[in-house]
Amino acid sequence: MVASSDTKSGTGVKSTFDLYMEGKATPEIRLTIYMVLAARRWRSLLDEKLRPIDQSSARMEAISAIMNSPPLSPQVDIAKRLRIEGPTLTRMLDSLEKDGMVERLPDPKDRRTKLLKATPAGEQALEEIFDIADALRGRLLEGFSEAQLDQVNEFFAELLTRLDAGLPEK
């Protein structure tokens, strides 16, 4: 890894910014750039394939999170699981509820809290989404071994753990 001091300080060691300005990058910079670009491109391709059935990757994520959470989970828990802000989830839920894919039920213990449940229509929509996503995912990951996928999954799980911890200072 390149030291963070720059050539202007007289150390002679180039900063990552200096390298970047020269059209170079460290492996760490390339990794984070590739992560962002791959995620954006994946979502774009998936959304393109889901558009004909009036679905999106965001709707898939929301319904999936509801179905994979404990029954009748609070809306705030689903937002945390998706790592999005409450208002962002609220807008998505408004659309999904209007389309009959999720239900918001009052929490008997706290009238301010809404509990979420996927409807049979939501489950059916998610199954259709998965059919499309599975085919696309299969083409994307073709040729990678299970061991390679396990290694990458472990790597990203650790990255998410670190990011969720807020990257505390050492």
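Residues numbered from 1 in each chain as written. Predicted model: local features only at pLDDT ≥ 70, side-chain atom pairs only at ≥ 80, totals over all residues. Heavy atoms only, no water.

Trainee: I'm lost on the overall build of the protein in this one. Help?
Mentor: Counting its secondary structure elements, the protein contains seven helices and three strands. Starting at the N terminus and ending at the C terminus, the protein contains elements arranged as α-α-α-β-α-α-β-β-α-α. Radius of gyration (C-alpha) of the protein: 21 Å, far over the 15 Å computed for a compact globule of 170 residues. By its C-alpha atoms, the protein is 65 × 40 × 30 Å across when sized along the principal axes. Per-residue burial for the protein yields a buried fraction of 25% across its 170 residues. Long-range contacts, defined here as pairs at least 24 residues apart, represent 43% of the contacts in the protein between residues at least 6 apart. Accessible surface, the protein as shown: approximately 12100 Å² in total, 57% of it carbon and sulfur. With 25 positive and 28 negative side-chain charges, the protein shows a spacing of 5 Å between the two charge centroids. (Helix = DSSP H or I, 4+ residues; strand = E, 2+ residues; numbered from the N terminus. Rg over C-alpha atoms; globule rule 2.2 N^0.38 Å. Buried < 20%, exposed > 50% of the residue type's maximum accessible area, 1.4 Å probe, protein only. Contact = heavy atoms within 4.5 Å. Areas by Shrake-Rupley, 256 points an atom, 1.4 Å probe, with all protein chains shown as cover. Lys, Arg positive; Asp, Glu negative; His and termini not counted. Charge placed at Lys NZ, Arg CZ, Asp CG, Glu CD.)

Trainee: Would you take a moment to explain the packing of helix α3 (residues 57–67) against helix α5 (residues 86–98) for this structure?
Mentor: Angle between the axes and distance between the axes: these two values describe a pair of packed helices. Here α3 crosses α5 at 90 degrees, and the two axes come no closer than 11 Å. Relative to α5, α3 is oriented roughly perpendicular. Seen from α3, the contacting residues are Ala58, Arg59, Ala62, Ile63 and Ile66; seen from α5, they are Leu89, Met92, Leu93, Ser95 and Leu96. In terms of residue class, the contact of α3 with α5 is built from eight nonpolar, one polar and one charged. (Axes fitted to C-alpha atoms, helices over the stretch in contact; angles between N-to-C directions. Parallel < 35°, antiparallel > 145°, perpendicular 65-115°, else oblique. Nonpolar A, V, L, I, M, F, W, Y, C, P; charged D, E, K, R; others polar.)

Trainee: Before we go on, may I ask you to explain unusual backbone geometry in this structure?
Mentor: Residue Leu72 is not a glycine yet carries a positive backbone phi of 55 degrees. Counting through the fold element by element, Leu72 comes out in the loop between α3 and β1 (73–74). Positioned with a positive phi, Leu167 is a non-glycine residue whose angle comes to about 50 degrees. The residue Leu167 is located in the segment after α7 (146–164) in this model. In this structure Leu167 comes out as exposed when scored by relative accessible area, which is 53%.

Trainee: Which parts of the structure should I look at to understand the packing of helix α4 (residues 75–82) against α5?
Mentor: Running from amino to carboxyl end, α4 crosses α5 at an angle of 110 degrees, the nearest separation of the two axes being 9 Å. Put simply, α4 runs roughly perpendicular to α5. For the pair α4 and α5, contact is made by Gln75, Ile78, Ala79 and Leu82 and by Gly86, Leu89, Thr90 and Leu93, respectively. Of the residues in the contact of α4 with α5, the class split is five nonpolar, three polar and no charged.

Trainee: What is the right way to read the sheet that holds strand β3 (residues 110–118) from this model?
Mentor: Backbone hydrogen bonds are what pair the strands of a sheet, in a parallel or an antiparallel way. With respect to topology, three strands assemble into an open sheet ordered β1-β3-β2, the strand pairing being antiparallel. Either end of the sheet is taken by a strand with one partner, and the two such strands are β1 and β2 (102–107). Note: β2 against β3, six bridges, orientation antiparallel. Directly across from Pro106, in β3, lies its bridge partner Lys114. (Pairing = 2+ DSSP bridges.)

So yeah, pure geometry; function would need other evidence.
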